[in-house]
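# Fold and geometry: a report
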Amino acid sequence: MSYRLPHPRFVRTTLALAVYGALAMPAFAVGSSVEDRLKALEARLAQIESENHSLKQQLKQTDQKADAAGEQVEKIASQGITSKASWADATQFGGYGELHLNQLKNDKPGGADKKEMDFHRFVIFMGHQFNDRLRFFSELEVEHNTVEGGKGAVELEQAYLDFMLTDNLSVKAGNFLIPAGILNETHEPNTFYGVERNPVENKIIPTTWWEGGVGLTARLGNGFTLDGAVTTGMKADAADKYAVRAARQALREGTQAKNPAYTARLKWAGLPGVELAGTVQYQSDVTQGNDATAGGAKLLETHAIVNQGRFGLRALYAGWRLDGSGPKAVGADRQNGWYVEPSFKLNDAWGLFARYNRWDNQAGGGDGVDSSYRQFDAGVNYWPHPDVVVKFDLQRQKAPMGKDEFNGFNVGIGYRF
Amino acid sequence: MFHLTRKLVRLLFLFCLLAPSRAQTADLEAETQRFLTEAFTQPPPSSSLWLTAEHKPAVRALLGHDYPAARLRYWRSGRRTAWVLDEIGKEMPITVGVVVDDGRIERMRVLAYRESRGWEVQSPNFLRQFAGAGLSGEQQLDRAIDGISGATLSVRAMTRLAKLALWLHPQAMQKASPP
């Protein structure tokens, strides 16, 4: 029997079929499984999308609820701020104080030195906001720590009602500070150089100077502010040589209100770090009619403040003219002074200054005596916090003949809050 | 002499009555809208940033105290954010609008000023100083701001708000905001 090999074509076809079958059969089986899985995945994805959508909706609702709750809380809080329903929210307290050490030798022959420590000023501010337009402000001060034997004082330096008529116009009534000079209205110790306030504003303006009456403040735009006030006047006395510092009535009991004073100030602060201002005041009778040899008086004050970067400069002039033969006879018909104070801030915490002051409370020619004082100060301020200051300065004075002449140094600490 | 005083007082009150009363009708919301329209041609919808426990220490370091709200409203468009923030100057809160563009202040505007002094902080000349300012590594403004004499506290409040807005800007930019 002979064995015949299959025809090669048959072999090829069989092989091809076998290979195809081998490849195609599993492929058919796998294709069906992928489709199922894809379908399953699609279903899962749709479910996740739906869940995600639902979660997003929930998140949005939660956000909306949170926002609504936040708005409500803020609304309640803002009602607290603006309507001032609560006394505590509407009442503000603050204060400032300064302790001074003076180590000054009196160069007048036989004169007493001034080597003293003094808690010069302890002040409490209290303000109350009645509503958005009407507020009260006050400043109560204990000077020189205690009140004993004619020394020290408890003073109500400010206590007034301020009514905002518009954003740009307000009127105040009560006991307030006269808008004159640099320190009279802004005198917290951290705001100026030197342990003691400068002598020109002290003796000539005279700071701290408050009166009772009504005042108006108008913000004119472009950096201009106009202040006007009608207040109680001064009561100068021949016994004090009509010195303006001694003429303040300070609204104590018996303050005479026969002859008022009229004050106007124009201030420009249109550039950052710059203030230019001028004040005129007319006293209708500077002795309140108690001295027939005296009469009206006029104050003219002008100052400039320039702070640019680290450099600072303050310059001020103030001068009085008193009518009548009485003031003229003692040279008090002219009382004036000026100072220039350049300064330099080394950084936020340290600043250096120098100041030249000149003043004269009997600058008129009537008495024929040189009565002018000169004082040079130089020193340093250190602010460990913007509201707290430690000060040191050297003082060199040149006093007229027969007057105390204090030379030495001063150290001070001060704060405000 | 008091005859003249009476006349003057009468004149003062007449002046007060005749003076424009723009302020009385001034509305914070209207000021805010004006500020936003100036900042964005088409103001975007507002968003909220909640001051959570993790934000509070940084805010306290910038302001010296906690911010008196738990939620801050802001507006964002691209790299720019706008904020409306409050801070007390001496006694009353000052409301300020700040626009920050890519970490630098673009503009600042006072929307409501309630203090009786120091109103000069509202002047464009003062506010212009903040334009371009950023935060230094020590969380301070990278430039000196010239103050206003007699308005030190208001100036300091404005500086604190500028720093706060600059610090808030990246927080808003990082915040995931689903479309």
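Residues numbered from 1 in each chain as written. Chains lettered and ligands numbered in written order. Predicted model: local features only at pLDDT ≥ 70, side-chain atom pairs only at ≥ 80, totals over all residues. Heavy atoms only, no water.

### Considering the overall build of chain A
- The secondary structure content of chain A amounts to four helices and 16 strands.
- Look at the contacts in chain A between residues 6 or more apart in sequence, and 57% of them connect residues 24 or more apart.
- Put simply, chain A shows about 21,700 Å² of open surface, and 61% of that area lies on carbon and sulfur atoms. (Helix = DSSP H or I, 4+ residues; strand = E, 2+ residues; numbered from the N terminus. Contact = heavy atoms within 4.5 Å. Areas by Shrake-Rupley, 256 points an atom, 1.4 Å probe, with all protein chains shown as cover.)

### Looking at the overall build of chain B
- Across its full length, chain B holds six helices and five strands.
- Traced from its N-terminal end to its C-terminal end, chain B shows the element sequence α-α-α-β-α-β-β-β-β-α-α.
- Expressed as a percentage of its 179 residues, the buried residues of chain B come to 47%.
- Of the contacts formed within chain B by residues at least 6 apart in sequence, a portion of 57% connects residues at least 24 apart.
- For chain B, the accessible area works out to roughly 9,000 Å², and carbon and sulfur atoms hold 55% of it. (Buried < 20%, exposed > 50% of the residue type's maximum accessible area, 1.4 Å probe, protein only.)

### Quick look at helix α3 (residues 28-39) of chain B
Residues and elements named next belong to chain B.
- Across its 12 residues, α3 extends 16 Å between first and last C-alpha, which sits within 8% of the 16 Å expected from 1.5 Å per residue.
- Here α3 has its buried residues at Glu31, Thr32, Phe35, Leu36 and Ala39. One side of α3 holds all its buried residues, which, seen down the axis, span an arc of 135°.
- On its buried face, α3 is in contact with β2 (71-77), β3 (80-88), β4 (93-101) and β5 (104-112). (Expected span 1.5 Å × (residues − 1). Arc of directions from axis to C-beta.)

### A short note on the pattern of salt bridges
- Tallied over the full model, the rule gives 24 salt bridges over all chains.
- Ionic pairing is found between aspartate 227 of chain A and arginine 265 of chain A, a salt bridge with its closest N-O pair at 2.9 Å. Residue aspartate 227 of chain A is found in strand β7 (residues 224-231), and its partner arginine 265 of chain A is found in strand β8 (residues 261-268); the two are separated by 38 residues along the sequence. With respect to class, aspartate 227 of chain A is no different from arginine 265 of chain A; both count as buried.
- The salt bridge involving arginine 107 of chain B is made with glutamate 38 of chain B; its shortest N-O contact spans 3.8 Å. With arginine 107 of chain B in strand β5 and glutamate 38 of chain B in helix α3, the pair connects residues that are 69 residues apart, well separated along the chain.
- Salt bridges here are not isolated pairs; linked through shared partners, they connect Glu31, Arg34, Glu38, Arg80, Glu106, Arg107 and Arg109 of chain B. (Salt bridge = Lys/Arg side-chain N within 4 Å of Asp/Glu carboxyl O.)

### Section: the sheet that holds β5 of chain B
All names here are of chain B.
- With antiparallel pairing, the five strands of this open sheet are ordered in space as β1-β2-β3-β4-β5. Because the sheet does not close on itself, it has two edges, and the strands there are β1 (46-50) and β5. With strand direction ignored, the average angle separating the axes of adjacent strands in the sheet is 30°.
- Where β4 and β5 come together, seven bridges link them in antiparallel fashion. By the bridge assignment, aspartate 101 is partnered in β5 with arginine 104.
- Strands β1, β2, β3, β4 and β5 of the sheet are contacted by helix α6 (residues 152-174), whose axis makes an angle of about 145° with β3. (Pairing = 2+ DSSP bridges. Axes fitted to C-alpha atoms, helices over the stretch in contact; angles between N-to-C directions.)

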